[in-house]
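Understanding the architecture of this molecule
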Amino acid sequence: MKNFDYIRPVNMDNAVEALKKNDDAYLLAGGTDLLIGMKNNAVQPKCLIDLKSIPDIDSIEYRNGFKLGPLTTIRDIEVSRSIRKKIPVLSQAAGTLGSIQIRNRATIGGNLCHASPAADMATILLAMDCHVKIASYKSEKTIGLDQFYTGPNRTVIGRGEMLSEIIIPKDMERFKGVYLKYGPRKAMDIGIVNIALLLDADYERGLCNQIMIALGAVAPTPIRAKGAEALLNGNRLKAGSIGKVAQAAADEARPISDFRASAGYRRDLVRSLVFKGINQILKDNNPS
Ligand SMILES: Cc1cc2nc3c(=O)[nH]c(=O)nc-3n(C[C@H](O)[C@H](O)[C@H](O)COP(=O)(O)OP(=O)(O)OC[C@H]3O[C@@H](n4cnc5c(N)ncnc54)[C@H](O)[C@@H]3O)c2cc1C
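Values in this document were obtained by computation on a predicted structure and should not be read as measured data.

A closer look at the nonpolar core
In this structure, Ile124, Ile213, Ala249 and Val270 are the most contacted members of the largest nonpolar core, which totals 91 residues. Ranked by residue count, the leading element in this core is strand 12 (residues 193–202), at seven residues. In this structure, Val270 is in contact with Val193, Ile195, Leu215, Val218, Ala249, Ala250 and Ala253, ignoring residues within four places of it in sequence.

As structure tokens, then:
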């Protein structure tokens, strides 16, 4: 590992100022991605800006929807009572990431900014129509998470910028959801395919008001299966229509073949997991 400078800012302004002043600076959150990259020499920062002394950027606030600080750990999201009550599928998804040790260290900001196509938090938050705030020296902007990713391990965050907040719309509370992750091992593994499903339905009448489907690990970035969603929005939740939605989601996936799984296998998994997930939500919310 090469030598690097180390800066520990005490507020967000200092952090973005340090980013502006230092070329090749990396923000250090939990370090569960970054330190591995540094040990492998895949990244060689000249400067590390450690976020852990900044107060209040690890907070879970509820103000007309959730606002999460970027340093909020995955474990805090998993066990948060208010998240479990209002949007339990987010806690469920958080609980699938790595192990308790990793979740105690790993942050939501790091998960989004590392920008793995298989990132669990990115997949579930994309289904939730989240927005993110990006701070730079003396300015801040808000964009949809659907505009955040530009490719594998790439985001729109530019030099001198950092992710400063994750905003989950209050509207998400009307949805029931499920997060399904398929991998060869039960824990400590990123998914071969991740599926986030949110469904708002009239369960008694079997009518879908709105469905949100996000797919992870099957394209260069996590994606929404908007074509599949459109097939079900406003329509009846019948086995035939659910099958068509699952097939449409598989068609929208753009998986690659690698040492973990072939593209065809990943596509088949999307189809069967979307089918299974929708049926699971219906079963869990069966009014009778
Ligand atoms: C054993 C193991 C198992 C894992 N399992 C999973 C898994 O199942 N699912 C999964 O999704 N991931 C998994 N991961 C990956 C990793 O734990 C997560 O991606 C984690 O959330 C990263 O967060 P971090 O705080 O550790 O990020 P860091 O490693 O500190 O940072 C990651 C990247 O994000 C940048 N960054 C961090 N914060 C900000 C910010 N606020 N603004 C801009 N850039 C920022 C850093 O500069 C760096 O480039 C696993 C890792 C390990 C080691």
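Let's pick the thread back up.
A word on unusual backbone geometry
The backbone of Asp56 sits at a positive phi, close to 70 degrees, despite the residue not being glycine. As for its position among the elements, Asp56 is in the loop between strand 3 (47–50) and strand 4 (60–62). Asp56 gets classed as exposed once you count the C-beta atoms within 10 Å, which come to 10. Phi at Lys138 takes a positive value of approximately 65 degrees, unusual for a residue other than glycine. By secondary structure assignment, the location of Lys138 is in the loop between strand 6 (131–136) and strand 7 (139–144). Using a count of 9 C-beta atoms within 10 Å as the deciding quantity, one classes Lys138 as exposed.

Considering the environment of Gln280
Mapped onto the fold, Gln280 is located in helix 11 (residues 263–284). The partly exposed category is assigned to Gln280, around which 15 C-beta atoms lie within 10 Å. Distance in space between the C-alpha atoms of Gln280 and Ala15 is 44 Å, their sequence separation being 265 residues.

Looking at the site of the ligand
Taken together, 30 residues sit near the ligand, with Ala29, Gly30, Thr32, Gly110 and Asn111 positioned nearest. Mapped by element, the contributors of at least two residues to the shell around the ligand are strand 2 (25–28), helix 2 (34–39), helix 6 (100–105), helix 7 (108–114) and strand 10 (162–169). At five residues, the largest contribution of residues to the shell around the ligand is made by helix 7. Taken together, the residues of the shell around the ligand break down into 18 nonpolar, nine polar and three charged.

Concerning the sheet that holds strand 11 (residues 176–182)
Strands sit in the order 11-12-13-14 across an open sheet of four strands; the sheet is antiparallel. Both outer strands of the open sheet, strand 11 and strand 14 (223–224), are each paired with one neighbouring strand and no more. With seven bridges joining them, strand 11 and strand 12 adopt antiparallel strand pairing. Across the sheet, the residue bridging to Tyr182 is Val193, located in strand 12.

Brief notes about the domain arrangement of the chain
According to the domain assignment, the chain consists of domain 1 (5–50), domain 2 (60–171) and domain 3 (176–284). Computed over C-alpha atoms, the centres of domain 1 and domain 3 are 36 Å apart.

A short note on helix 1 (residues 12–21)
Because each turn of an α-helix spans 3.6 residues, side chains separated by three or four positions in sequence point in the same direction. Regarding helix 1, the residues found buried are Met12, Ala15, Val16 and Leu19. Down the axis of helix 1, the buried set is contained in an arc of 90 degrees. They therefore lie on one face.

Examining the sheet that holds strand 7
Spatially, five strands are ordered 4-5-10-6-7 in an open sheet, and the strand pairing comes out antiparallel. Two strands close off the open sheet at either side, each with one partner strand: strand 4 and strand 7. Here the average twist between neighbouring strands, direction ignored, is 20 degrees. Alignment of strand 6 against strand 10, held across five bridges, turns out to be antiparallel. Within strand 10, the position partnered with Lys133 by the bridge is Glu165.

Examining the environment of Leu197
Along the chain, the position of Leu197 falls in strand 12. Using a count of 28 C-beta atoms within 10 Å as the deciding quantity, one classes Leu197 as buried. Along the backbone, Leu197 and Gly177 are 20 residues apart, and their C-alpha atoms lie at a distance of 5.4 Å. When residues no more than four places from it in sequence are discounted, the contact partners of Leu197 are Gly177, Val178, Ile213, Val274, Gly277, Ile278 and Ile281.

Thoughts on the environment of Leu34
By secondary structure assignment, the location of Leu34 is in helix 2. Along the sequence, Leu34 and His114 sit 80 residues apart, while their C-alpha atoms lie 8.2 Å from each other. Excluding residues within four positions of it along the chain, Leu34 makes contact with Tyr26, Leu28 and Val43.

Thresholds, definitions, all that
- Residues numbered from 1 in each chain as written.
- Predicted model: local features only at pLDDT ≥ 70, side-chain atom pairs only at ≥ 80, totals over all residues.
- Core = buried A, V, L, I, M, F, W, Y, C linked by C-beta atoms within 7 Å.
- Buried ≥ 20, exposed ≤ 12 C-beta atoms within 10 Å, placed from the backbone.
- Helix = DSSP H or I, 4+ residues; strand = E, 2+ residues; numbered from the N terminus.
- Contact = placed C-beta atoms within 7 Å.
- Near = placed C-beta within 6 Å.
- Nonpolar A, V, L, I, M, F, W, Y, C, P; charged D, E, K, R; others polar.
- Pairing = 2+ DSSP bridges.
- Domains from an automatic or database assignment.
- Arc of directions from axis to C-beta.
- Axes fitted to C-alpha atoms, helices over the stretch in contact; angles between N-to-C directions.

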